[in-house]
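Residue-level structure breakdown
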Amino acid sequence: MVARCGGLRLGVPLEAVHKVVAAPLLTPLPDAPARVAGLANLHGAPLVVLDISGNALPAGRPRLEARLMVVETAQRRCGLLCDRVEGTLRLPEDAWRALDDLVPGAGYLAGSPDGEDLVVLRDPDGWLSEGDEQHLREALERHRAGGAGEAGA
């Protein structure tokens, strides 16, 4: 599944994508890592929403055209805030070039046959560093302990 996240054209393995919905209101999560945009209420359950675009987002309401890609892996379930979701794109395995030699954990890069920008394929389990994961766990514990209200729908 290919999505635009800021200036990044990001590929997410299709088997990890649960669904795509309009981006809901977000509840801020104080002291969370910078890539955490906040919490969303998705069908009554809180969902951590990530913004890996590098753009600082105002808390609360994403832009009207923004989408939330709900991603599920063995390690996590989270939402990815996207400017837009383009759809699926199939690329042959030999089109991908590993970027780990340049930046460990960076993923893969491929030129797409549709003539658009390059696509960066990142494993959703690598969107947060180990330090950010711990930081997020601590922020969620403080949020739960503080009895903060539910995220907006």
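Parameters and conventions
Residues numbered from 1 in each chain as written. Predicted model: local features only at pLDDT ≥ 70, side-chain atom pairs only at ≥ 80, totals over all residues. Heavy atoms only, no water. Salt bridge = Lys/Arg side-chain N within 4 Å of Asp/Glu carboxyl O. Helix = DSSP H or I, 4+ residues; strand = E, 2+ residues; numbered from the N terminus. Buried < 20%, exposed > 50% of the residue type's maximum accessible area, 1.4 Å probe, protein only. Pairing = 2+ DSSP bridges. Axes fitted to C-alpha atoms, helices over the stretch in contact; angles between N-to-C directions.

So, the pattern of salt bridges
Under the counting rule described, the total for this entry stands at 7 salt bridges. In this structure, aspartate 31 and arginine 142 form a salt bridge, with 3.8 Å as the shortest nitrogen-oxygen distance. Linking aspartate 31 in the loop between β3 (17–22) and β4 (36–42) with arginine 142 in helix α1 (residues 130–145), this pair joins segments that are 111 residues apart in sequence. Of the residues examined, aspartate 31 reaches a relative accessible area of 51% and is grouped as exposed. By relative accessible area, arginine 142 is classed as partly exposed at 42%. Note that glutamate 133 and arginine 76 form a salt bridge whose closest N and O atoms lie 1.9 Å from each other. Here the residue glutamate 133 occupies a position in helix α1, and arginine 76 occupies one in the loop between β6 (67–72) and β7 (77–82), the gap between them amounting to 57 residues. Residue glutamate 133 is classed as buried on the basis of its relative accessible area, which comes to 13%. When salt bridges with common partners are traced through the structure, they connect Arg4, Arg9, Arg84 and Glu86 into a single cluster.

With respect to the sheet that holds β4
Strand order in the open sheet formed by 5 strands is β3-β6-β7-β5-β4, with mixed pairing between adjacent strands. Across the chains shown, the open sheet's two edge strands, defined by having one partner strand only, are β3 and β4. Averaged over all adjacent pairs, the angle separating strand axes in this sheet is 30°, with direction ignored. Pairing of strand β5 (residues 45–50) with β7 involves 2 bridges; the strand directions are parallel. By the bridge assignment for β7, valine 49 is matched with glycine 79.

Some points on the pairing of β4
The two faces of a sheet get side chains in turn, since along a regular strand they alternate between them. Most of β4 sits inside the fold, with 7 of its 7 residues counted as buried. In textbook terms, the turn of a hairpin is the stretch between consecutive antiparallel strands, and for β4 and β5 this stretch comprises 2 residues, one of which, histidine 43, has a positive phi near 55°.

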